[in-house]
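Residue-level structure breakdown
As a plain string of letters, each chain reads:
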Amino acid sequence: GVAIESNRTKLLPLDKDKIKNVGIIAISPDKNIVNTLNNGLGESFKKRGINTTIVRNLYSYDEIDKLTQENDLIIYVGARVGKFKFFGIDERESFNFVLHSGAEKSMGLSLGDPYIYFDEFSILDTFINAYIPTNEAQEAAVKMILGELPLNNTGAFNIIPEKFREYESYER
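Residues numbered from 1 in each chain as written. Predicted model: local features only at pLDDT ≥ 70, side-chain atom pairs only at ≥ 80, totals over all residues. Heavy atoms only, no water.

Our focus in this paragraph is the side chain of Thr-126. Of note, Thr-126 is situated in strand E6 (residues 126-129). Judged by relative accessible area, which is 0%, Thr-126 ranks as buried. Within polar-contact distance, the side chain of Thr-126 engages the side chain of Asn-7 at 3.5 Å. Apart from residues lying up to four places away in sequence, Thr-126 is in contact with Ser-6, Asn-7, Thr-9, Leu-11, Leu-12, Ser-106, Met-107 and Gly-108. (Helix = DSSP H or I, 4+ residues; strand = E, 2+ residues; numbered from the N terminus. Buried < 20%, exposed > 50% of the residue type's maximum accessible area, 1.4 Å probe, protein only. Polar contact = N/O pair within 3.5 Å; in protein donor to acceptor, adjacent residues only side chain to side chain. Contact = heavy atoms within 4.5 Å.)

The following block contains the structure:
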């Protein structure tokens, strides 16, 4: 299943009639992640009449500025999928550009690493955890983003350490 880990600014659910283009930025060491996302998120948005642009990692401020200008929603996808896939220099440098522009229409999505939110993406006000990179999990994430599924904040387990739960900024 999918769970919402953070929705601090109440970005979700989105009105699917107002979303025409979605920029998807995969921060991942997996060279096949763009194909994985095209087959999952890309197809899920496409069947709802929403276009996607999918890129792997970010390399400049100009790149994120362009994606922000051309898209109604930006989804940062954290995908450390597979055995021993850790973030390398390209992925680390990509984090320098996260939220440079478009913060008000940006969110995060994990496909395979439930702790990536707290480890890497807690800067994002809105974050969904899909747990696995299957097409079905990506479809469920799109449904949650567009309000076709309720905003379920009951994940398999709470990823936020108990000592931080008392702080408002870490509320789901």
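Next, the rest of the story.
The next subject is the pairing of strand E1 (residues 3-7). By the criterion of burial, E1 is predominantly enclosed, with 5 of the 5 residues buried. Sheet topology places E1 next to E6; 4 bridges connect them, and they run antiparallel. Bridge pairing links Ala-3 to Asn-129 in E6. (Pairing = 2+ DSSP bridges.)

The next thing to look at is helix H5 (residues 135-145). Extensive coverage of H5 is indicated by the burial of 8 of its 11 residues. Listing the buried residues of H5 in full gives Ala-137, Gln-138, Glu-139, Ala-140, Ala-141, Val-142, Met-144 and Ile-145. Contacts from the buried residues of H5 go to E1, helix H1 (33-46), strand E4 (73-78), strand E5 (106-110) and E6. One or two steps after H5, the chain reaches Gly-147, where phi turns positive at roughly 80°.

So, about the packing of H1 against H5. Following both chains from N to C, one finds H1 and H5 inclined at 35°, their axes separated by 8 Å at the closest point. Crossing hand, H1 versus H5: right-handed. In this structure, H1 contributes Thr-36, Leu-37, Asn-39, Gly-40, Leu-41, Ser-44 and Phe-45 to the contact, and H5 contributes Asn-135, Gln-138, Glu-139, Val-142 and Ile-145. A per-class count over the contact of H1 with H5 returns 5 nonpolar, 6 polar and 1 charged. (Axes fitted to C-alpha atoms, helices over the stretch in contact; angles between N-to-C directions. Left-handed = near helix turned anticlockwise from the far one by under 90°. Nonpolar A, V, L, I, M, F, W, Y, C, P; charged D, E, K, R; others polar.)

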